[in-house]
Amino acid sequence: MRNHYCPRVRYIFITGGVVSSLGKGLTAAALGALLEERGLKVRLQKFDPYLNVDPGTMNPYQHGEVYVLDDGAETDLDLGHYERFTSGSLSRQNNLTSGQVYESVIQKERRGDYLGTTVQVIPHVTNEIKNRLRSAGKGVDVLITEIGGTVGDIEGLPFIEAMRQFALEVGKQNVVFIHVTLLPFLQAAGELKTKPSQQSVAKLREIGIQPDILVCRSERPIDDDIRGKLSLFCNVAVRAVIEEQDVESSIYELPEMLAKEHLDEIVLDLLKLKTRKRPHGAWREIVRKLKRPRHHVKIGVVGKYIALQDAYKSVYESLTHGGIANDCGVTIVRLDAEKVGKNPRAALSKLDGVLVPGGFGKRGIEGKIRAVQYVRENDIPYFGLCLGMQVAVIEFARHVAKLASANSTEFDAKSPHPVIHLMEEQKGLKTKGGNMRLGSFECQLVPDTLARAAYGRKLIGERHRHRYEFNNGYRESLGQAGLRIAGINPKRDLVEIVEVADHPFFVGVQFHPEFQSKPTRPHPLFAAFIKAAIQRQKKKK
């Protein structure tokens, strides 16, 4: 049932200018959080101009993390920000790429849906984009849509044009355009420069869109003169020139930062929406725990894409959430698996916990296995995610169950002990896009396990993204050696969680719990992992 605040859908479009990676996604997510606190039902979505159908086959060094939704959609990492900052659970309807748009248009043309007309960007491609806006807006008060890339990119022009048309169709009173731009500080001149932002807005206006709000990313405060200059040259009200400085310590400072700039109030005024007052406290308490925590731990993340911050974005955020749950600051130590393997003791001995995230390919695997062996033998809390569970099984099989050369068939197709193997339905596949085990699957937890204690219930649902599974042919032998099966998929009898019984905290999960953790609702396993790390630190003192 729709609430009384908003009898019709309002639309907010967020574009970016000057450079990429300005934080459009975080701005959209934080605005969504503020509007939700006022009682509005908000949904967010991302339009990505690249021609890939989805980011599932893209290298993390190019695109960052692939974020997986309940329905199995492989999406942009900004959807992770959307879900973490707001209460909603998103679907494949909330991420649209140029690849999906053109694929749909061509399929319709081949079927004859266009009745022989010439297929063009306008109206056929733009109509496809507008259809997604209409479908995504059903059942909500406000739909916030972020357009990826930078204004002026040739790939993004159809999306910008579709926005212009859509605003005309639904009425400008129902639409707000927010433009995120950069105010660079030139050390030689000793001042912030507005010209790049002026040029960016001019480019947007050439396409037919006048931004209503300018969100200015800056390393320095913006004074009244700067606001006035941007207002004059960009044709935006002075109060709608929003300062968005780099946060001091955490992205979760952003909602309160934007609230101080009255961003949510300005949006509501432009859309003529009356809502309840925004309650204070939730985000402030989260930030308090991050800035002044009672405890502090160091967690090592051993991966192969460590050089890129965004490759394990959700993992890092979930560790922070685990800290919030325990009033604990978390320092993340990023460790390259290949380097760790050369001297695990030097890299890991002073840490309070170690996590191995998901991944694909053989590079760095032996380093991860050596890292797992070290933390298992030295009682350091361990948490393995997807591939992190698989390398834990391989390590246990080799060094505890004494199954020499145990491995995954992903890394050694001729291993005499393939404790991890390719799922049966994966063996005949010739393509790589969108055909892994994807999305949410049930897991039944075994009594008297760390996992059952953490979740506090018997049946859970978690998101997956993988092709290889625990080989059930080794369940009995590994179990006799001390590897405890703590979670099973009830429909297919697949191992989902493993634990080492005589260890303070040694948990490996086949799924990706990082995709369901929020600062306001930390994931139970991350919370339990950080709690174990705190206990280890206390013992060291």
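For clarity, every value in this text was computed on a predicted model and none was experimentally measured.

Novice: Hey, could you run me through the packing of helix H1 (residues 24-37) against helix H10 (residues 263-270) in this one?
Specialist: Geometry of a packed helix pair, given as the angle between the helix axes and the separation of the axes. For the pair H1 and H10, interaxial distance at closest approach is 10 Å and the crossing angle is 70°. Put simply, H1 runs roughly perpendicular to H10. Residues Leu31, Leu34 and Leu35 of H1 form the contact with H10, whose participating residues are Leu263, Asp264, Val267 and Leu268. Residue composition of the contact of H1 with H10, grouped by class: six nonpolar, no polar and one charged.

Novice: Would you take a moment to explain the sheet that holds strand S21 (residues 483-489) for this structure?
Specialist: Adjacent strands of a sheet pair through backbone hydrogen bonds, lying either parallel or antiparallel. The strand order across the open sheet built from nine strands is S13-S12-S14-S15-S23-S22-S21-S18-S19, with neighbouring strands paired in mixed fashion. The open sheet terminates on both sides in strands that have one partner only, identified here as strand S13 (328-336) and strand S19 (459-466). Shown here is a sheet whose adjacent strand axes are inclined to one another by a mean of 25°, direction ignored.

Novice: I would appreciate a short explanation of H1 in the present structure.
Specialist: Every α-helix carries 3.6 residues per turn, so stepping three or four residues along brings you back to the same face. An ideal rise of 1.5 Å per residue puts 20 Å on 14 residues; H1 measures up with 20 Å between its terminal C-alpha atoms. Among the 14 residues that make up H1, 14 are buried, leaving the element largely enclosed by the rest of the structure. Looking one or two residues beyond H1, the residue adopting positive phi is glycine 39, at roughly 95°.

Novice: Would you mind going over the pattern of salt bridges with me for this structure?
Specialist: Any two side chains of opposite charge can pair if their charged atoms end up close together. Per the counting criterion, the structure on display carries 38 salt bridges. With its nearest N and O atoms 2.7 Å apart, the salt bridge here joins aspartate 113 to arginine 111. With relative accessibility at 39%, the residue aspartate 113 sits in the partly exposed group. Under the relative-accessibility criterion, arginine 111 is labelled exposed at 54%. A salt bridge links arginine 134 to glutamate 169; its shortest N-O distance comes to 2.6 Å. Of this pair, arginine 134 sits in helix H5 (residues 121-136) while glutamate 169 sits in helix H6 (residues 157-170), and the two are 35 residues apart along the sequence. One salt-bridge network, held together by shared partners, links Lys46, Asp48, Asp76, Asp78 and Glu146.

Novice: Would you mind going over a nonpolar patch on the surface with me for this structure?
Specialist: On the surface, a cluster of nonpolar side chains totalling about 360 Å² of accessible area is made up of Leu51, Tyr102, Val121 and Ile122. Mapped onto the elements, leucine 51 comes out in the loop between strand S2 (42-48) and helix H2 (60-63). With a relative accessible area of 60%, leucine 51 lands in the exposed category.

Novice: Whenever I open this one, the pairing of strand S15 (residues 382-385) confuses me. Can you help?
Specialist: Along any regular strand, the residues point their side chains to alternate faces of the sheet. Side chains Tyr382 and Gly384 of S15 all project onto a buried face; the interleaved residues Phe383 and Leu385 project onto the opposite face, where all are buried too. Pairing analysis gives three bridges linking strand S14 (residues 353-356) to S15, with the strands arranged parallel. Following the sheet pairing, valine 356 is matched in S15 by glycine 384. For the segment spanning S14, helix H15 (residues 365-377) and S15, crossover handedness is right-handed. Here four bridges tie S15 to strand S23 (residues 506-509), and the two strands are oriented parallel to one another. Within the sheet, the bridge partner assigned to glycine 384 lies in S23 and is glycine 508.

Novice: Any chance you could explain unusual backbone geometry here in plain terms?
Specialist: A negative phi angle is the norm for most residues apart from glycine, just as the trans form is the norm for most peptide bonds. Geometrically, the link from isoleucine 122 to proline 123 is a cis peptide bond, its omega value of 15° lying close to zero. The topology assignment puts proline 123 in helix H5. Even without being a glycine, valine 18 presents a positive backbone phi close to 75°. Here valine 18 lies in the loop between strand S1 (10-16) and H1.

Novice: Looking at this structure, how should I read the packing of aromatic side chains?
Specialist: Within a pair of aromatic rings, the relevant descriptors are the distance that separates the centres and the angle that separates the planes. Across all of its chains, the model carries 15 aromatic pairs by this definition. Between the aromatic rings of phenylalanine 47 and phenylalanine 159, the centroid separation amounts to 5.4 Å while the plane-to-plane angle is 40°, which identifies the pairing as tilted. Separated by 112 residues along the polypeptide, phenylalanine 47 in strand S2 and phenylalanine 159 in helix H6 bring together distant segments of the chain. Geometrically, the ring pair formed by tyrosine 312 and tyrosine 316 is edge-to-face, given 6.3 Å between the ring centres and 75° between the ring planes. With a relative accessible area of 4%, tyrosine 312 lands in the buried category. In textbook terms, an aromatic cluster arises when at least three aromatic residues are bridged by ring pairs, as seen for Tyr11, Phe13, Phe166 and Phe177.

The rules behind each value
Every chain is numbered on its own, with residues counted from 1 as its sequence reads. With the structure being a predicted model, the display of local features is reserved for residues of pLDDT at least 70 and the display and counting of side-chain atom pairs for 80 or more, all residues being used for whole-chain, interface and lining totals. The side-chain numbers reported here are obtained from all heavy atoms of the structure, hydrogens and water having been left aside. To define axes, lines are fitted to C-alpha atoms, for helices over the stretch in contact only, and angles between the resulting N-to-C directions are given on a 0 to 180 degree scale. Working definition: helices are DSSP H or I runs of at least four residues, strands are E runs of at least two. Numbering for both runs from the N terminus. Throughout this description, any angle smaller than 35 degrees is read as roughly parallel, any larger than 145 degrees as roughly antiparallel, any in the 65 to 115 degree range as roughly perpendicular, and the remainder as oblique. Only heavy atoms matter for contacts: two residues are in contact if any of them lie within 4.5 Å across the pair. Under the grouping applied here, Gly and all other residues not named as nonpolar or charged are polar, the nonpolar ones being Ala, Val, Leu, Ile, Met, Phe, Trp, Tyr, Cys and Pro and the charged ones Asp, Glu, Lys and Arg. For two strands to pair, DSSP has to find at least two bridges joining them. Under the convention used throughout, the expected extent of a helix is 1.5 Å for every residue step, that is, one less than its residue count. Partly exposed describes any residue whose relative accessible area lies between the buried limit of under 20% and the exposed limit of over 50%, with all areas from a 1.4 Å probe on protein chains only and scaled to the type maximum. Whenever a carboxyl oxygen of Asp or Glu lies within 4 Å of a side-chain nitrogen of Lys or Arg, that contact is scored as a salt bridge. Patch criteria: residues need more than 30% relative accessible area and no salt bridge. Like-charged residues are merged within 9 Å; nonpolar side chains of Val, Leu, Ile, Met, Phe, Trp and Tyr are merged within 5 Å. Exposure was quantified through the Shrake-Rupley algorithm and a 1.4 Å probe, taking into account, for residues, occlusion by the shown protein chains and nothing else. Here is how to tell: hold the view so the strands point away, follow the path from the first strand over the helix to the second, and if it runs clockwise the crossover is right-handed. Working definition: a ring pair exists when centres of Phe, Tyr or Trp rings (six-membered ring for Trp) sit within 6.5 Å. Plane angles under 30 degrees give stacked, over 60 give edge-to-face, the rest tilted.

Purely geometric numbers; function is a separate question.
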